[in-house]
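# Commentary on secondary and tertiary structure
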Amino acid sequence: MKNPSIIGASLPRLDARHKVTGQAVYTDDLKFSGMLYGAILRSPIPHGRIKRIDASAAKALPGVRDVIAGADTPRIKYGNWRLVPSSQDELPLALDKVRFVGDEVAAVAARDPYIARRALELIEVEYEPLPGLFTVEDATAEGAPLIHEESEGNVSLVRKIEYGDIETQFDKAYLVLENNFKVHAVNHAYLEPCSSIARPDEGGRVTLYTSTQVPYIVQCLLAHTLGIPENHVRVMKTQVGGGFGGKMELRPWEFCAAFMALRLGVPVKFTLTRDEELAVGRRRHGMSIYTKAGFSKEGKLLAKDFQVMLDGGAYNAMGPTATFLCGTFGNMLYNIPAYRYFGRHVYTNKPPASAMRGFGAPQAAYAAETQLNIAAEKLGIDPIDIRLINGMEQGDVIPEVATVSSCGFKESLQKVRKVSGWDEKRKNVKEGKGLGIGCFSFISGGVFNWFDTKYNFAAAEASVFEDGTAQLACMACDIGQGPDTVLRQILAAELGIGIDKIRLISMDTATTPKADLGTWGSRVTLMNGNAIIDAARKIKEMLIPVIFSELDLNQIHDIGFGDDRVFVKARPKKGMAFSECVYKALRGRRGEPLTARGFYTPRNKGLVSPAFSFGAQVAEVSVDQETGLVKVDRMYTAHDCGVAINKMSVEGQLEGAIQMGLGYTLCEQFVMDGGRTLNTNFLDYKMPTAEDMPPSEYVEVETYEPEGPFGAKEAGEGLAVPTAPAVAHAVYEATGYRCMDLPITPEKVLAALEKTE
Amino acid sequence: MAKQIIELTVNGDRYEVAVEPSRSLAEVLREDLGLTGTKIGCNQGDCGACTVLIDGRSVASCMTLAVEAQHREITTIEGLAASLQNLHPIQEAFVEHGAVQCGFCTSGMIMSAKNLLDKNPSPSEQEIRHALSGNLCRCTGYTKIVEAIDAAAGNLAAGPDKGEQP
Amino acid sequence: MTDLSLKVHQPTALDEVLDLLSQHRGDAKVLAGGTDILPKMRAGALKVGHLVSINRVAGLNRIEFREDEGLVIGGGVRITDVGEFPDVQKHYPGLAYACSVMATTQIRNMGTVAGNLANAAPSADTAPPLLIYKASLVIVKKGGRREVDIDNFFTGPGEVSIDPTEVIEAIRVPTPSPCSGSSYMRLSARSKVDIAAVGVAGLLSLDTSGRIECARLAQGAVAPIPQRCSEAEEMLAGQEPTEDLFGRAAAAGSAGCCPIDDVRASAAYRTAMVKVLTRRVLGECIERAKGGI
């Protein structure tokens, strides 16, 4: 074929032109006739009962059209884990209790946003404060008041895993380590604040434009909380300005917009302020982790006991999944004969923690990788060597989870060792400088159907036309990570037509095929890619007969698709233009369009994921011993994402993940005062800027994942995992300070240095 | 709530709008003039998503009062490209180098880049990063943004032919 | 949210500015870049009915340097322009540095040095350099003009000796003596864009024998106001510049500060960092004094 394969190309994003000209439309950019503006009244206290709400003054304010509180709504609880209804603990507006500073209590719709916010000040709410619980220790203490009456001791759920004979293995171990770690909550800090517009349609139906990662989940849960049929809600695409897990649920303002739009018969828009996002937006779970590991003298991991308390905040949100996955992340990457996990998701009176890039893996890996580095030092084994001793390989089994069908972990270790100059640099230690390593393995989408959908997890509809073009309709959600391009690459490769010939209709729950579970857990490329391949196969089945009859072939040949042609593979000159083939097929079908739907749900793939990515990252740091400031000089990453469909996108994911990882490790944190967040602007919630980023080198490790489209598996979430342990290890090597509680602040470094003097 | 009639010159076009004095330029651009390419990421002057040029200088339009922007030349992202086919070299470079992911920071980044390259046609990597200190991005890690600006600097220096779309 | 009833006046002459400030006394604020005032108003931390913009007033935008007179920075001159002014870079490197690294590019383009001082945050980046350069502020009101040494300008956190009816017309900075070196350094957790958790500025003038003729040291963000450290200055005056001397002066500087715990850093860390930065600043001052700037 003349054209290079589109799989593996470094392709600029197809939506980039619209974004660089300011033409891409995000939810807040939209305006509709008669549209009202909404604002939310939030609880100023972390825990309390609502005694009285008086909205009369607010309602009387000129320009205010509606004010609602919990009592005005259908009062239906929701949560993403539909499979376990008892876990659905959230209400769109509080009914009798508020459980965190910022909990939604009432909403206003007014002629303009100024009036709406002014009206909030006029709503009177009387609270009876209750004691606030702000740590997992306080929340689980004997006699602590219950944040949710239904939970036991403020633990909303637990997960246990156990296999192998753990006690015997610990007895056999030459070295047993017991360590406690504490990791903190951080914010997704996507640049686009949440925004939603609801427009009422006829017949009690509503269309929602919203900044979300999960249009189908929003559709279902919005209908559920409104008390209307699922298909009365339509969620439609707008450009989404980042999500990272923070936009993967139904949110109160989506409900409020829809509820008021239906009540008032006009569109209603809510857009959050950055203050709100930082004060009450979702967060990564802070965790208290106890981990005990046993090693043989040669460095073999024999047993691991992993106990985690997740600081869930006031509601479950995606906490159950984080609790679930954390246990799995505790024993991925390395073969461990005996493993025990006990995870508890704890309620506290703080903004709910939920999904955030990595979904429990950054926290689990911080503990696991750091402990492994401690063991390596105690055993006198090089940290990379100890990982080579224990690391997984293709064909290994993650007990009760899956068989690892493609694995480039050891190759990643070897490549990162080489590219970082690991061996020479560790021999020539320089004052104040250090090298550290962290590794990861991550899922490519989840198998567990916690949303309890009756539909396939991913679906795609392909249509081809006589002008040689195609249309792809897919509910998959591009939040910036690039599926709008990657999925078209896959279809282009399958049909053998130019990518510029493919139009994309995306993210419309009414017209894009059901269903797509959303953008999280790194599922989109693998799952939607496979659905597209399925659809493309069916399209090809419609076209292949044309070749046989038109070319009068008297043998059965393999038919190829490429360069906008359909041809006999063995004799490529025998064929015809793709457009002509479609035309003839269309005629043959008496005008019935060539449209096919494809689906994908992982089958027989164990409990957790159809495929796993792997990687290793080395961080090089210099620590100013007088100020405690850590400067990351360079990062090296080797990463196995199977086959990279779009190389430029994969690089972009790595580079972005490093920014997030460095922020998590060094400078992002919430400063809390009794449940109230003090740093609610970007000045004081510090995420790395362009000046803070180190140069970074990247080495590709290519494997082929049989379950993945063209061999691809996840890229981008696993990469958010290794930075914290790598940098922490490097800081230890540079200073002797082993951080057991993130973030690594200059103050902590200095305090540790002073202690050792 | 006394509105003032003001005249704003945006991308060479003159607009007359009635605004309250307290309204920000970012809001007026977006809500009154329909120029939604300028984004509001924080409304506190910290994130740079709202960056526009006023008399060629990058400013945070969320922290600029619309009434104060009168009698000045305001340039927004919509004023850079001649057409979707004929982008400004900085925009073209952002596309080619993968500097755009979710796109929300992009308008502001490009305007800051324009300010930089107008002042300093061949900046070092450090100078580029320093110029972008007020533009936050959560998706890209800034790497390809810096590469794109560097490439654009080269294209602009090479002359109009190099800057045009192939 | 900002009150929609806000009035913004846009006079074109200084007299008009002063008239307006007088007329709306107590309910009016000067607006230059707006980068401090507007966020405060949006957050409800500042309620005022009138803003008097100085952005159209002729005569406030000049920045000039003359060897015999020193530097004059008009009340409306933007931070970027001060930082990029060649004579500032040459003669006042501490100020040039502060103006090139504080906040963000956009805020430097919008904000004024005068505004940075008038906002009176203990962490104002231009304050420590201007303190060591012996700046003075020319302040005008209806009916008069006065000059205030910057040493007497800051009176408390967020408080300066300016009446609500006054405007900073200019900042005057004398030319440092030829054998002097100056420096400003700042620190914070993210180390780049933030409001400084700690800032130290220093100026050392040497006599012909290489001894310190005169020393000035100032600190930011570690006391209720940006302040000088007289104890350390006295320790340095007349002495041979040695590392040991600098260490002792740094300790004195550290002892003389009284920072608070806040979201940006703890008091203990700030105190420790004053010592570190003071030593480093003094080291840079000596290098610059000896090598020429």
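To start, this report covers the structure provided alongside it. (Residues numbered from 1 in each chain as written. Chains lettered and ligands numbered in written order. Predicted model: local features only at pLDDT ≥ 70, side-chain atom pairs only at ≥ 80, totals over all residues. Heavy atoms only, no water.)

### What to know about the overall build of chain B
Put simply, the test is: The secondary structure listing takes helices from DSSP runs of H or I that are at least 4 residues long and strands from runs of E that are at least 2 residues long, numbered from the N terminus. Atoms counted for the radius of gyration: C-alpha only. Globule rule: 2.2 Å times the number of residues to the power 0.38. Exposure categories follow from relative accessible area, calculated using a 1.4 Å probe and restricted to protein chains: below 20% of the type maximum is buried, above 50% is exposed, and the middle band is partly exposed. All accessibility values rest on the Shrake-Rupley procedure with a 1.4 Å probe; residue burial counts only the protein chains present in the view. In this charge count, Lys and Arg are treated as positive and Asp and Glu as negative; neither His nor the chain ends contribute. By convention, charge coordinates are those of NZ in Lys, CZ in Arg, CG in Asp, or CD in Glu.
Per the secondary structure count, chain B includes 6 helices and 5 strands. Seen in sequence order, chain B has helices and strands lined up from the N terminus as β-β-α-β-β-β-α-α-α-α-α. Relative to the globule expectation of 15 Å for 166 residues, the C-alpha radius of gyration of chain B, 16 Å, shows essentially globular dimensions. With the principal axes as the frame, chain B shows a C-alpha extent of 50 × 30 × 25 Å. Looking at chain B residue by residue over its 166 residues, the buried ones come to 65%. Element-wise, carbon and sulfur atoms account for 47% of the exposed surface of chain B, whose accessible area totals about 5600 Å². Positive and negative side-chain charges of chain B, numbering 13 and 21 respectively, have mean locations separated by a distance of 4 Å.

### Notes on the interface of chain B and chain C
Rule in force here: A contact between two residues is defined here by any heavy atoms of the two lying within 4.5 Å. Here the buried area means the combined drop in accessible surface, using a 1.4 Å probe, for two parts upon being joined, counting both sides. In what follows, salt bridge is the name for a side-chain nitrogen of Lys or Arg lying within 4 Å of a carboxyl oxygen of Asp or Glu. Polar contact is defined as a pair of N or O atoms within 3.5 Å, subject to the rule that within protein one atom must be able to donate a hydrogen and the other to accept it, and that residues adjacent in sequence are counted only when both atoms are side-chain atoms. Side-chain classes are defined by residue name, with Ala, Val, Leu, Ile, Met, Phe, Trp, Tyr, Cys and Pro counting as nonpolar, Asp, Glu, Lys and Arg as charged, and the others, Gly among them, as polar.
Facing the 32 residues of chain B at the interface are 34 residues of chain C. A combined buried area of about 2400 Å² lies between chain B and chain C, and 49% of that area is made up of carbon and sulfur atoms. Among the residues chain B hides against chain C, the three largest losses belong to Arg57, Met63 and Glu68 of chain B. Together they make up 27% of the total. The partner of Arg56 of chain C in a salt bridge is Glu68 of chain B, and the shortest N-O contact between them spans 3.2 Å. The interface formed by chain B and chain C includes 20 residue pairs in polar contact (both at pLDDT 80 or more). Only β4 (57-60), α3 (106-119) and α4 (125-131) of chain B provide two or more residues apiece to the side of chain B that touches chain C. Grouping the constituent residues of the side of chain B that touches chain C by class yields 9 nonpolar, 18 polar and 5 charged.

### Topic: the packing of aromatic side chains
Put simply, the rule reads: Aromatic contacts are taken between Phe, Tyr and Trp rings whose centres are within 6.5 Å, Trp giving its six-membered ring; a plane angle under 30 degrees counts as stacked, one over 60 as edge-to-face, and the others as tilted.
On inspection of all chains with the given rule, the structure shows 21 aromatic pairs over all chains. Their ring planes at 40 degrees and their centres at 5.0 Å tell us that Trp450 of chain A and Trp520 of chain A sit as a pair that is tilted. Separated by 70 residues along the polypeptide, Trp450 of chain A in the loop between β18 (433-443) and β19 (458-464) and Trp520 of chain A in the loop between β21 (502-506) and α15 (524-550) bring together distant segments of the chain. When sorted by exposure, Trp450 of chain A lands in the same class as Trp520 of chain A, which is buried. Each ring, one from Phe65 of chain C and one from Tyr92 of chain C, has its centre 6.2 Å from the other, and the planes form 80 degrees; the classification is edge-to-face. Of this pair, Phe65 of chain C sits in strand β4 (residues 63-66) while Tyr92 of chain C sits in the loop between α4 (86-91) and α5 (93-101), placing them 27 residues apart in sequence. For Phe65 of chain C, a relative accessible area of 14% corresponds to the buried category. By relative accessible area, Tyr92 of chain C is classed as buried at 0%. An aromatic cluster is defined as three or more aromatic residues linked by ring pairs; in this entry it consists of Tyr216, Trp450, Phe451, Tyr455 and Trp520 of chain A.

### Some thoughts on the pattern of salt bridges
Residue and element names in this part refer to chain A. Overall, the coordinates contain 84 salt bridges over all chains when judged by the stated rule. Across the pair Lys584 and Glu550 runs a salt bridge, and its minimum N-O distance is 3.3 Å. Of this pair, Lys584 sits in helix α16 (residues 578-588) while Glu550 is found in helix α15, placing the two residues 34 residues apart along the sequence. With a relative accessible area of 26%, Lys584 lands in the partly exposed category. Residue classification places Glu550 among the partly exposed residues on the basis of a relative accessible area of 40%. Within the structure, one salt-bridge network assembled from shared partners comprises Asp382, Asp385, Arg417, Asp423, Arg426 and Glu733.

### Quick look at the interface of chain A and chain B
Taken together, the contacts link 54 residues of chain A with 50 residues of chain B. The contact between chain A and chain B buries some 4200 Å² in all, and 54% of this surface belongs to carbon and sulfur atoms. Ranking the residues of chain A by area buried against chain B places Arg17, Val20 and Leu191 of chain A at the top, with a combined share of 19%. The interface formed by chain A and chain B includes 8 salt bridges. One salt bridge connects Arg30 of chain B with Asp28 of chain A, and the closest N-O pair in it is separated by 2.7 Å. If you look at where chain A meets chain B, you find 26 residue pairs in polar contact (both at pLDDT 80 or more).

### Some thoughts on the environment of Gly37 of chain B
Its place among the elements puts Gly37 of chain B in the loop between α1 (25-32) and β3 (51-54). In this structure Gly37 of chain B comes out as buried when scored by relative accessible area, which is 0%. Distance from Gly37 of chain B to Cys50 of chain B, taken between C-alpha atoms, is 8.9 Å for residues 13 residues apart in sequence. If we ignore the near neighbours within four places in the chain, the residues touching Gly37 of chain B are Gly22 of chain A together with Ile77, Glu78 and Ser107 of chain B.

### Examining the sheet that holds strand β22 (residues 559-562) of chain A
Residue and element names in this part refer to chain A. What counts here: Here, a strand pair is defined by DSSP locating no fewer than two bridges between the strands. Here the axes come from fitting lines to C-alpha atoms, over the contacting stretch only for helices, and the angles between their N-to-C directions go from 0 to 180 degrees.
Taken in spatial order, the 3 strands of this open sheet run β22-β23-β24, and their pairing is antiparallel. Of all the strands in the sheet, just β22 and β24 (575-577) have a single pairing partner and so form its edges. Here the average twist between neighbouring strands, direction ignored, is 15 degrees. Bridge count between β22 and strand β23 (residues 565-568): 4 bridges; the pairing is antiparallel. Counted as the bridge partner of Gly562 is Arg565 from β23. Lying on the sheet, α16 is in contact with β22, β23 and β24; it crosses β24 at an angle near 90 degrees.

### Here we look at helix α18 (residues 723-735) of chain A
Residues and elements named next belong to chain A. Defined as follows: For a helix, the expected span equals 1.5 Å multiplied by the residue count minus one.
Its 13 residues give α18 an end-to-end C-alpha distance of 18 Å, which sits within 8% of 18 Å, the value for a rise of 1.5 Å per residue. Among the 13 residues that make up α18, 12 are buried, leaving the element largely enclosed by the rest of the structure. If you check which residues of α18 are buried, you get Thr723, Ala724, Pro725, Ala726, Val727, Ala728, His729, Ala730, Val731, Tyr732, Ala734 and Thr735. Once α18 ends, the next one or two residues include Gly736, with phi positive near 85 degrees.

### Comments concerning the sheet that holds strand β1 (residues 7-9) of chain C
Residues and elements named next belong to chain C. Reading across from one edge, β1-β3-β2 is the order of the 3 strands in this open sheet, with parallel pairing throughout. One side of each edge strand has no neighbouring strand; the edge strands of this open sheet are β1 and β2 (28-31). Averaged over neighbouring strand pairs, the angle between their axes works out to 25 degrees when direction is ignored. Contacting β1, β2 and β3 (50-53), helix α1 (residues 14-23) crosses the sheet at an angle of about 165 degrees to β3.

### Some thoughts on α5 of chain C
Because each turn of an α-helix spans 3.6 residues, side chains separated by three or four positions end up pointing in the same direction. Within α5 of chain C, 7 of the 9 residues are buried, which leaves the element mostly enclosed by the surrounding structure. Once α5 of chain C ends, the next one or two residues include Ala103 of chain C, with phi positive near 55 degrees.

### Overview of the environment of Cys105 of chain B
Looking at the secondary structure, you find Cys105 of chain B in the loop between α2 (89-96) and α3. A sequence separation of 75 residues divides Cys105 of chain B from Arg30 of chain B, and the C-alpha atoms of the two residues are 16 Å apart. If we skip the residues at most four places from it in the chain, Cys105 of chain B touches Leu191 of chain A together with Leu136, Cys137 and Ile145 of chain B.

### Comments concerning the side chain of Lys19 of chain A
With respect to the helices, strands and loops of the structure, Lys19 of chain A is situated in helix α1 (residues 16-20). A residue is classified by how much of its surface remains accessible, and Lys19 of chain A, at 2% relative accessible area, is buried. Those residues in contact with Lys19 of chain A that sit more than four places away from it in its chain are Ala24, Tyr26 and Gln239 of chain A together with Val100, Gln101, Cys102, Gly103 and Thr106 of chain B.

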